[in-house]
Amino acid sequence: MNSSKTYEDLSSQDLMNLIEANLIERSLYFPRLFNGEIHGPNPIWFITGPTLPAGNGVVSATFALGEIDASIEATLAPFKARRLPLKWWVGPATAPQNMGQHLQNHGLTHNRDMMGMATNLHNLAQPIAPPLPKLTFERVKNKTTLAEWYNLLLAGFPISFDQVYLDALALASLGPGTAERHYIVQHRGKTVGISTLFLDGNVAGLYNLVTCPQARGQGIGTWLTIRTYQEALTLGYAIGTLQTTYPNALRLYHRLGFEVYCKIGIYSYSKNV
């Protein structure tokens, strides 16, 4: 995709592809950074190892009719042999369309479906005032602040504390020129919001948007979304993407000018299966 194209130049198919491509590139970020295995092209599957389960997965699977079950088993074989968990992403380019049902027949669990969205970031160019006095927004630049960021991430997503994962996040985001950037919002010294940008060269993908439960309903999520994407604008990005599962978030993003272009399913395999 030509990164010089504007949002208006792109078709719905183009934007669908960009949403999925950003998610795929982020999925491959850990295995690339930590010398994991990446195989492909159909499907692309990657292994980072048992200590970083988020770096084990499958994307971009397109299987011919009549070969679906055999292809799924062949793809799962290296994970089963090493007793590794994985996540299998089912996006708009996946074939067949009922891949999710086939995956469940092979022991994977449907985790959730996400709506893939995109917008022209120039629509978010105008700054808005912080919804609370003394609200600060900054990029996470050291391990101490990253630990505070991670603590709120634990409250927003179904994960548990893992020191190895926290150390990996530090290596992946704190160095110069990293594709992944974490941001933190604090109010009077307390962390009330976090977000992540993943930059793949074409678009800026928003991830890990969490507002502290005690601080919700005050406009912090909206302000944080806009501030995060304004960071992307300063870096030269004009197109923003994201995925969400939450109806309230979906309404928020619609109000900001995002449109839904695809659905992406997540299927999990446990090493204990």
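Residues numbered from 1 in each chain as written. Predicted model: local features only at pLDDT ≥ 70, side-chain atom pairs only at ≥ 80, totals over all residues. Heavy atoms only, no water.

(A) Inspection of the overall build of the protein at higher detail. For the protein, the count of helices and strands is eight helices and 11 strands. In summary, the protein has a C-alpha radius of gyration of 19 Å against a globular reference of 19 Å for 273 residues, a match within 12%. If one aligns the C-alpha atoms of the protein with their principal axes, the spans along those axes are about 60 × 45 × 35 Å. For the protein, the proportion of its 273 residues judged to be buried stands at 50%. Within the protein, contacts between residues separated by at least 24 positions form 69% of all contacts whose residues are at least 6 apart in sequence. Accessible surface for the protein amounts to roughly 12700 Å². Of this, 52% is attributable to carbon and sulfur atoms. (Helix = DSSP H or I, 4+ residues; strand = E, 2+ residues; numbered from the N terminus. Rg over C-alpha atoms; globule rule 2.2 N^0.38 Å. Buried < 20%, exposed > 50% of the residue type's maximum accessible area, 1.4 Å probe, protein only. Contact = heavy atoms within 4.5 Å. Areas by Shrake-Rupley, 256 points an atom, 1.4 Å probe, with all protein chains shown as cover.)

(B) Region of interest: the nonpolar core. In terms of nonpolar packing, the biggest core is built from 70 residues, with Leu15, Leu121, Trp149, Tyr229, Tyr253 and Phe258 touching the most fellow members. Considering every element that reaches this core, the biggest residue donor is helix α7 (residues 220–234), with seven residues. Excluding anything up to four places from it in sequence, Leu15 contacts Tyr7, Leu10, Ala118, Ile239 and Tyr261. Membership of the second largest hydrophobic core comes to 18 residues, among which are Ala61, Leu84, Leu86 and Trp88. (Core = buried A, V, L, I, M, F, W, Y, C linked by side-chain atoms within 4.5 Å.)

(C) Examining the sheet that holds strand β7 (residues 180–187) more closely. Read from one edge to the other, the open sheet built from 11 strands follows the order β1-β2-β3-β4-β11-β5-β10-β9-β8-β7-β6, with strand pairing classed as mixed. The open sheet terminates on both sides in strands that have one partner only, identified here as β1 (37–39) and β6 (135–139). The mean inter-strand angle of the sheet, taken between neighbouring strand axes irrespective of direction, is 20°. Of the strand pairs in this sheet, strand β9 (residues 204–211) and strand β10 (residues 239–244) are connected by three bridges, and their pairing is parallel. Note that in β10 the partner of Leu206 across the bridge is Leu242. Relative to strand β11 (residues 259–269), helix α1 (residues 12–27) is tilted by about 35°, and along the sheet it contacts β2 (44–47), β3 (57–59), β4 (86–90), β5 (109–120), β7, β8 (190–199), β9, β10 and β11. (Pairing = 2+ DSSP bridges. Axes fitted to C-alpha atoms, helices over the stretch in contact; angles between N-to-C directions.)

(D) Geometry of empty space enclosed by the protein. Going through the model one piece at a time under the given rule, you end up with two cavities of 30 Å³ or more. Approximately 50 Å³ is the volume found for the largest cavity. The wall of the largest cavity is formed by Glu20, Leu23, Ile24, Val59, Ser60, Trp89, Gly91, Thr94 and Ile264. Here the lining of the largest cavity gets three residues from one element, more than from any other, and that element is α1. Across the lining of the largest cavity, the residue classes break down as five nonpolar, three polar and one charged. (1 Å grid on protein atoms, 1.4 Å probe; cavity = no way out; pocket = protein on both sides within 12 Å on 5 of 7 lines; lining within 4 Å. Points joined across faces, edges and corners; volume = space filled by probe spheres on them. Nonpolar A, V, L, I, M, F, W, Y, C, P; charged D, E, K, R; others polar.)

(E) Inspection of the side chain of Thr48 at higher detail. Secondary-structure assignment places Thr48 in the loop between β2 and β3. Within polar-contact distance, the side chain of Thr48 engages the backbone oxygen of Gly55 at 2.6 Å. (Polar contact = N/O pair within 3.5 Å; in protein donor to acceptor, adjacent residues only side chain to side chain.)

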